[in-house]
Amino acid sequence: MTGTPSAWLQRFAPSPPARALDVACGSGRNLRWLAEAGWRVTGVDRDTDATAPLRALAEIVDADIENGPWPLDGRQFDLVVVCNYLWRPLFDAIRCAVKPGGWLIWETFADGQQTIGRPSRPDFLLRRGELLRVFGEWRIVAYEDLFEGGVNPRFVQRVAAIRPPTAA
C-alpha cells in the first residue's frame, strides 16, 4: 500500500469518524488513512490482488462496478470517498450510498487532462462543472475545477458536499 492519501480528503473528512466507503479503493491509500483515523471503512474494487492487503484494515467488497450490479445496494455511509475514478452510470448509486446528512468527497481528473496525460479518454474525465451539476442540490462545502501545475501537472475537479438531511 503506497501513496499519500488525498489532501482533499484529509482536509474535508468530517469528525468524529463513523462509517466510510472508498469507491474504487485501489491499493488503499485513502482507505488506510481513514482506518487509521478511526473510521469503519468499506472499500470496493475489482482488483483483488491490490485489495488483499487491505482486508486487515477494512471490509473489502470485490466487485467489477463497471460491468456488474452495484454491490452495496441499500447500504449507506457517513462518508463516501471517490478519488481518481469516474464511471457516470454510478452517479445515482454513489448518491444513494451517502446517508442523509453524510459527506461526499470526490476528486478526479477533469476535461483538459487528455492534453497532458492519462486518462486520455474523455469518457473518464469530468466535464467542466459536472460535479456541481450532479450534486447541486446538496450543500457544497468546497469545489474546485482547475489546472494544477508543478511536478505532476493535471486538470482536476473536486467537491466536498453534504447530502441534505431529507430527500436528494
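Located above this text is the structure these notes cover.
These remarks concern the structure in this document. Note that the coordinates shown come from a computational prediction; the quantities given were computed from them, not determined experimentally.

**Things to note about the sheet that holds strand β6 (residues 139-148)**
Taking strand neighbours across the sheet as the criterion, the seven strands line up as β3-β2-β1-β4-β5-β7-β6 in an open arrangement whose pairing is mixed. Bordering the open sheet on either side are β3 (59-62) and β6, each of which pairs with just one other strand. Strand-to-strand twist across the sheet, computed as the mean angle between neighbouring axes with direction ignored, equals 15°. Two strands pair when backbone bridges link them, and strand β5 (residues 98-109) and strand β7 (residues 154-162) are joined in this way by seven bridges, in the antiparallel orientation. When the sheet's bridge partners are listed, W106 is paired in β7 with V159. Sheet contacts for helix α2 (residues 29-36): β1 (19-23), β2 (40-45), β3 and β4 (77-83); angle to β4, the most-contacted strand, approximately 150°.

**Focus on the pattern of salt bridges**
Scanning the model with the defined rule gives 14 salt bridges in all. R75 serves as the salt-bridge partner of E59, at 2.8 Å between the closest nitrogen and oxygen. Taken together, the positions of E59 in strand β3 and R75 in the loop between β3 and β4 put the pair 16 residues apart, joining distant regions of the chain. A residue is classified by how much of its surface remains accessible, and R75, at 28% relative accessible area, is partly exposed. The salt bridge partner of R128 is D145, with a shortest N-O separation of 2.3 Å. With a gap of 17 residues between them, R128 in the loop between β5 and α5 (130-134) and D145 in strand β6 connect regions that are remote in the sequence.

Parameters and conventions
Numbers given for residues are sequential positions, taken from 1 along each chain in its written order. Reporting in this predicted model follows two pLDDT cut-offs: at least 70 for local features of residues, and 80 or more for side-chain atom pairs to be given and counted; totals over whole chains, interfaces and linings ignore these cut-offs and use all residues. Here the side-chain values reflect all heavy atoms present in the structure, with hydrogen atoms and water set aside. Two strands qualify as a pair provided that DSSP identifies no fewer than 2 bridges between them. A run of H or I in DSSP counts as a helix once it spans at least four residues, and a run of E counts as a strand once it spans at least two, with each numbered from the N terminus. Axis lines are fitted through C-alpha atoms, for helices just across the contact stretch, and the angle between N-to-C directions can take any value from 0 to 180 degrees. The criterion used for residue contact is that any of the two residues' heavy atoms lie within 4.5 Å. Salt bridges, as used here, are contacts in which a Lys or Arg side-chain nitrogen is within 4 Å of a carboxyl oxygen on Asp or Glu. Exposure classes here rest on a 1.4 Å probe applied to the protein chains alone. A residue is buried below 20% of its type maximum, exposed above 50%, and partly exposed in between.

Fair warning: the whole summary comes from geometry, so function is off the table for now.
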